[in-house]
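Examination of the molecular architecture
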Amino acid sequence: MCRWLAYSGSPVSLEDLLYKPQNSLVVQSKHSRMGAETTNGDGFGVGWYGRHTVPGIFRSTEPAWNDRNLRELSSQAVSGRVFAHIRASTGSPVQQSNCHPFRRGTWLFMHNGVIRDFHLVKRDLVLEIDPELFPEIEGSTDSEVFFYLALTYGLAADPPGAVARAVGHIEETGRRHGVEHPIQMTVATTNGEATWAFRYSSEGQSRSLFHSTDVATLKEQYPDYPLLHDLSDDTRMVVSEPLGDLHGAWREVPESTFLTVRGGKMDIADFTPKAPRAAA
């Protein structure tokens, strides 16, 4: 499995985000506390929005803790919306095209989990992808196929609905092939203006996911805590596991729900897979 974070708010140095927290994503790449594996060393990726509407991405097959280029980039890059992911492969090759986040146009997508028995269901899933989108798939992961299914089902127009239809199709296909619990997922996607994050699994025992609490309240509670000083009140994070032990800073995302983060507003709603409609 993997670990990831989705950040939005005041512009922040990637170094402050990826390296400086007590349980930073780089620390988690060697010593994850809550992941299915302790070590997530099969590559990493960072996506961020800057001067252009299309986000930049940097992906590498190096372990995050051992990549000097990530350290150099992180010390210079600043962004108000960042996706970062460390990978523990579930069987697909360790190569740059298999590292998250995946990008198409203004959209980023990352996934922690698995489409179970992917080798059995891959053909049926891929055949559902819009033929105009299919040539853009670069890697061999179940996660990228998941992303392109969501794009096929209208991610740009209705992100929660598109992900629900993609999951519905994955579950229907898996069960048709005798897979008892077809999908395990925490997923994040963004268009640069809002972020959507999902926690769901077919067996109802999903991987860990947390969101940050209100920054203004934390500043009042911890006036001497330096990492909070430069954060705007609309700053929000969704993470696979908390970045530190500050009491009250993190809340677990409930099972079978999704978050919508737009500015400083965060909404939580139930998530239920849907029967897929015709491709958008």
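Structure: above.
Residues numbered from 1 in each chain as written. Predicted model: local features only at pLDDT ≥ 70, side-chain atom pairs only at ≥ 80, totals over all residues. Heavy atoms only, no water.

Attention now moves to the state of the cysteines. Summed over the entire model, instances satisfying the criterion amount to zero disulfides. In this structure Cys2 is not part of a disulfide, and its nearest cysteine sulfur, from Cys99, lies 9.4 Å away. Under the relative-accessibility criterion, Cys99 is labelled buried at 1%. (Disulfide = S-S within 2.5 Å. Buried < 20%, exposed > 50% of the residue type's maximum accessible area, 1.4 Å probe, protein only.)

This brings us to the pattern of salt bridges. One pass over the structure, following the stated rule, counts 13 salt bridges. A salt bridge links Glu15 to Arg71; its shortest N-O distance comes to 3.5 Å. Linking Glu15 in helix 1 (residues 14–18) with Arg71 in helix 3 (residues 68–76), this pair joins segments that are 56 residues apart in sequence. Measuring nitrogen to oxygen at the nearest pair gives 2.7 Å for the salt bridge that ties Glu136 to Arg104. Highlighted residues: Glu136 in the loop between helix 4 (118–128) and helix 5 (142–152) and Arg104 in strand 5 (residues 102–104), separated in sequence by 32 residues. Look at Glu136 and you get partly exposed, because its relative accessible area is 32%. Judged by its relative accessible area of 32%, Arg104 is partly exposed. (Salt bridge = Lys/Arg side-chain N within 4 Å of Asp/Glu carboxyl O. Helix = DSSP H or I, 4+ residues; strand = E, 2+ residues; numbered from the N terminus.)

One open sheet accounts for six strands, arranged 5-6-7-8-12-13; its pairing is antiparallel. Where the open sheet ends on each side, the last strands, each with one partner, are strand 5 and strand 13 (265–270). Ignoring strand direction, the axes of neighbouring strands in this sheet form an average angle of 15 degrees. Across the sheet, helix 5 touches strand 5, strand 6 (107–115) and strand 7 (183–190), and the angle it forms with strand 6 is around 125 degrees. (Pairing = 2+ DSSP bridges. Axes fitted to C-alpha atoms, helices over the stretch in contact; angles between N-to-C directions. Contact = heavy atoms within 4.5 Å.)

Moving on: the sheet that holds strand 11 (residues 250–252). Strand order in the open sheet formed by seven strands is 3-2-4-1-10-9-11, with antiparallel pairing between adjacent strands. Two strands lie at the open edges of the sheet, namely strand 3 (56–60) and strand 11, each paired on one side alone. For this sheet the average axis-to-axis angle between neighbouring strands, irrespective of direction, equals 15 degrees. Alignment of strand 1 (residues 3–13) against strand 10 (residues 236–239), held across four bridges, turns out to be antiparallel. By the bridge assignment, Leu5 is partnered in strand 10 with Val239.

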